[in-house]
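# Survey of secondary and tertiary structure
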Amino acid sequence: MKSIQRRLLTSLLIGLPLLWLLTSSFIAWQLWHEINEMNDTQITQVARYLIGVSADDDDKDKRDNEERDNKNKAHPITKIYNLKSKQLSGDLGDAEDDYMGFAIWDKQGHLLAADENGQAFSFLPDQRGFLEENNSAYQRLNPFSKSWRLFYVHDDYHGHNDHDGSNKHDGSNEHDSGDNKQKDRIIAVGQNLDSRQKMIVGAMSVQVLPMLIGLFAFMSLVVWLIKRGFKPLSQISDDLQQRQPQDDSPITADVPKEIQPLVAALNVLFIKVADTLAREQRFTADASHELRSPLAALKLQADLLQQQLLQLSTTEDDNQLFYHAQKISAGIERATHLVEQLLVLAKIEPEQHLPPEQLVTPDWLMLTDIVLSDVNRLAREKHIQLKRTVQCNDPSAILPIVVNPILFKLLIRNLLDNAIRYCPEGCLIDLQLDADSIKVIDNGIGVEPETLARLSERFYRPAGQSQLGSGLGLSIASRIAQLHGLSLTFANRTAPATGLIVTIKPEIKSTIQA
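Residues numbered from 1 in each chain as written. Predicted model: local features only at pLDDT ≥ 70, side-chain atom pairs only at ≥ 80, totals over all residues. Heavy atoms only, no water.

### Here's the deal with the overall build of the protein chain
Our working definition: A run of H or I in DSSP counts as a helix once it spans at least four residues, and a run of E counts as a strand once it spans at least two, with each numbered from the N terminus. Methods summary: accessible areas were calculated by the Shrake-Rupley approach with a probe of 1.4 Å, and residue burial reflects only the protein chains presented.
Secondary structure assignment for the protein chain yields ten helices and eleven strands. As displayed, the protein chain offers around 31,600 Å² of accessible surface, 55% of which is attributable to carbon and sulfur atoms.

### Some details on the sheet that holds strand E8 (residues 428–433)
Using the following cut-off: At least two bridges found by DSSP between two strands are what make those strands a pair. Only the stretch in contact is used when fitting a helix axis, every axis being a line fitted to C-alpha atoms; angles between N-to-C directions are given from 0 to 180 degrees.
The strand order across the open sheet formed by five strands is E7-E8-E9-E11-E10, and the pairing between neighbours is mixed. Each edge of the open sheet carries a strand with a single partner, namely strand E7 (385–390) and strand E10 (487–492). Taking each pair of neighbouring strands and ignoring which way they run, the sheet shows an average axis angle of 15°. In the sheet, E10 pairs with strand E11 (residues 500–505) via six bridges, with the strands oriented antiparallel. Bridging across to E11, Ser-487 finds its partner in Lys-505.

### Brief notes about the nonpolar core
For soluble globular proteins, nonpolar side chains are generally found buried alongside one another. Note the following rule: Nonpolar cores were defined as sets of buried Ala, Val, Leu, Ile, Met, Phe, Trp, Tyr and Cys residues, with membership established by side-chain atoms within 4.5 Å. Burial here depends on accessible area, computed with a 1.4 Å probe over protein chains only, as a share of the maximum for the residue type. Under 20% is buried, over 50% is exposed, and the range in between is partly exposed. The contact criterion used is simple: two residues touch if any of their non-hydrogen atoms lie within 4.5 Å.
By size, the foremost hydrophobic cluster in this structure holds 44 residues, and its most contacted members are Trp-364, Phe-408 and Leu-411. Listed by contribution, the elements that provide at least two residues to this core are helix H7 (364–381), helix H8 (405–422), E8, strand E9 (438–442), helix H10 (473–483), E10 and E11. Among the elements that take part in this core, H8 stands out by supplying nine residues, more than any other. For Leu-411, the contacting residues outside a window of four places in its chain are Ala-477, Ile-480, Ala-481 and Ile-504. Of all hydrophobic cores here, the second largest spans 14 residues; its members include Phe-102, Ile-104, Phe-151 and Val-153.

### Quick notes on the state of the cysteines
For clarity, the threshold we go by: The disulfide definition used here is simple: a pair of cysteine sulfur atoms within 2.5 Å.
All told, the structure shown has zero disulfides when counted by the stated rule. In this model Cys-427 remains outside any disulfide bridge; the closest cysteine sulfur is found in Cys-423, 4.7 Å from its own. By relative accessible area, which is 8% here, Cys-427 ends up buried.

### Some points on the environment of Asp-239
Of note, Asp-239 is situated in helix H4 (residues 193–242). Between the C-alpha atoms of Asp-239 and Thr-252, which are 13 residues apart in sequence, the distance is 9.9 Å.

### Quick word on the packing of aromatic side chains
Quick note on the threshold: Aromatic rings from Phe, Tyr and Trp, with only the six-membered ring used for Trp, were paired whenever their centres fell within 6.5 Å, and each pair was classed as stacked if the ring planes differed by under 30 degrees, edge-to-face if by over 60, and tilted otherwise.
As enumerated under the stated definition, the model contains five aromatic pairs in all. Between the aromatic rings of Trp-105 and Tyr-152, the centroid separation amounts to 6.2 Å while the plane-to-plane angle is 10°, which identifies the pairing as stacked. Of the two residues, Trp-105 is situated in strand E2 (residues 100–106) and Tyr-152 in strand E5 (residues 148–155); the sequence distance between them amounts to 47 residues. Judged by relative accessible area, Trp-105 falls into the buried class, the value being 4%. Cluster of aromatic residues (ring-pair linked, three or more members): Trp-105, Phe-123 and Tyr-152.

### Details of the pattern of salt bridges
Put simply, the test is: For this analysis, a salt bridge means a side-chain nitrogen from Lys or Arg found within 4 Å of a carboxyl oxygen belonging to Asp or Glu.
For the structure shown, the criterion picks out six salt bridges. A salt bridge links Arg-421 to Asp-417, with the nearest nitrogen and oxygen atoms 2.6 Å apart. Taken as a pair, Arg-421 and Asp-417 lie in helix H8 at a separation of four residues, close to a single helical turn. Both residues of the pair, Arg-421 and Asp-417, count as buried.

### Observations concerning H10
Residues three or four positions apart in an α-helix share a direction because the helix packs 3.6 residues into each turn. H10 sits mainly inside the fold: ten of its eleven residues count as buried. Along H10, the positions that sit buried rather than exposed are Gly-473, Leu-474, Ser-475, Ile-476, Ala-477, Ser-478, Arg-479, Ile-480, Ala-481 and Leu-483. Looking one or two residues beyond H10, the residue adopting positive phi is Gly-485, at roughly 75°.

### Comments concerning the pairing of E7
Note the following rule: If you view a crossover with the strands going away from you and the path from the first strand over the helix to the second runs clockwise, you call it right-handed.
Two elements, E7 and E8, share six bridges in a ladder whose sense is parallel. Among the inter-strand pairings, Arg-388 is bridged to a residue of E8, identified as Leu-431. The parallel pair E7 and E8 is bridged by H8, and the resulting crossover is left-handed.

### Observations concerning the pairing of E10
E10 sits mainly inside the fold: six of its six residues count as buried. Of the two faces of E10, the one lined by Ser-487, Thr-489 and Ala-491 and the one lined by Leu-488, Phe-490 and Asn-492 are each fully buried.

### Description of the side chain of Asp-442
Just so we agree on the cut-off: When charges are tallied, Lys and Arg are placed among the positive residues and Asp and Glu among the negative ones, while His and the ends of the chain are skipped. Residues adjacent in sequence count toward polar contacts only when both atoms are side-chain atoms; beyond that, a polar contact is any pair of N or O atoms within 3.5 Å, and within protein one must be able to donate a hydrogen and the other to accept it.
With respect to the element layout, Asp-442 can be found in strand E9. Within the buried set, Asp-442 has no salt-bridge partner at all; the shortest N-O distance to an opposite charge, 6.3 Å, is to Arg-493. In terms of polar contacts, Asp-442 uses its side chain to reach the backbone amide nitrogen of Leu-500, at 3.1 Å. Look past the residues within four positions of Asp-442 in its chain and what remains in contact with it is Ala-419, Cys-423, Leu-428, Ile-429, Arg-493, Thr-498, Gly-499 and Leu-500.

### A short note on the packing of H7 against H8
Put simply, the rule reads: Crossings are assigned a handedness: left-handed for a near helix turned anticlockwise from the far helix by less than a right angle, right-handed for a clockwise turn. Each residue gets one of three labels, nonpolar for Ala, Val, Leu, Ile, Met, Phe, Trp, Tyr, Cys and Pro, charged for Asp, Glu, Lys and Arg, and polar for the others, Gly among them.
For the pair H7 and H8, interaxial distance at closest approach is 9 Å and the crossing angle is 35°. In this structure, H7 crosses over H8, and the sense of that crossing is right-handed. Residue-level contacts link Trp-364, Leu-367, Thr-368, Ile-370, Val-371, Leu-372, Asp-374, Val-375, Leu-378 and Ala-379 of H7 to Pro-405, Phe-408, Lys-409, Ile-412, Arg-413, Leu-416, Asp-417, Ile-420 and Arg-421 of H8. Taken together, the residues of the contact of H7 with H8 break down into 13 nonpolar, one polar and five charged.

### Things to note about the packing of H8 against H10
For the pair H8 and H10, the least separation of the axes is 9 Å and the interaxial angle reads 145°. In this structure, H8 meets H10 at a crossing whose hand is left-handed. Mapping the contact onto sequence places Leu-407, Phe-408, Leu-410, Leu-411, Asn-414, Leu-415 and Asn-418 in H8 and Gly-473, Leu-474, Ile-476, Ala-477, Ile-480 and Ala-481 in H10. A per-class count over the contact of H8 with H10 returns ten nonpolar, three polar and no charged.

In structure tokens form, the structure reads like this:
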């Protein structure tokens, strides 16, 4: 199952940017629409203003037009307005020269007035309103290599009414009809779309940039809050990993209200587990006393029986009785050994970690001297030679770890005992001490490759064994190695040599080699 913290972080860190992107896109679209609407309104207002201003100039220009009509009807004089910022005075702020432009034509297409930008506008007598991009004429209107938003309006008002609102007599009307054709005008007002786009981008930046900074700040806050919220769970996890099975002390971490029922249930479970382990340990101690004493008494009686039979044996039947007495003694010895191994296994099995106060830096030479002395009698009975080899020059450099001396003696003794029991008579067993490992090497017959993987299983003994044993020695050795953060490696010696190599080395996982 995936981590809840990781799932929350993934969902929020993906969902928040997507939500921000959708929101920003909507704001950008709405901002684009509003700014376009505002600028289009500004263009139409400028057009209305130009209609009013040009109407005031009609009376002044009337005499000029009559004179031009009398002089072979010459084209009207075009007025070009220089509206560059450098020509103006006062504080102009951030005004741009090419932001807007205008042009005024008569019905015949003669340019009457324009600014420097409007001179490049095209005369479109049939166009009314805004010139859209899908219009073919729009593609031709790119003055100064820039796109313009153009608005065309026809000033037909002066073609139908005089300034005083009254009709003249017929002669005058005919004359006014000719003048009205001159007064009808087409006005074009344009706005530079590049400037408009800069305005929109600037407005969007003002809106989006703070939102983007806020998004990253909010995401950082979310990550911090989630990690802070899950911190009590991490503390509980660390506490459980370090807790010994017999520890019944309650969890005291400050946890959220939703986790408190789980913590309360765990505290109750700790008490039950500790109580169960305590009863088991009491039973183990009682069983140890109750089993060892009868077995020791039986062993003593069997030994005395053998001695009496040896002294009184004169017939073949007495020899048979002595043989059966030996079998009884061997069975009792095996039962005693099994009980001792079971008691050791029951003691170390519940342990998860060795208490730090029990760990010391060992004197490997002294420790192995004690173990070799313990198994020496059994080795002499089978005429097996025991040897210790120190592979490094400095004995203090041998496998620099801390150990529980009692348990580690048991580990090495079980390995040596196993080698002595299953090697033929007259073999050599070498206990090698090195800087990175401890090895027990014998020159016996070795083990079948398919059997190597099962050597540390409980109660497992290869088929055809006649030696006294319980199948727990290597299992106990493997468990002790695990408690010390070590592993056991079982391997046959490389041909032509024969025998088994058992290696103790600081690895988390044990490996099996054929």
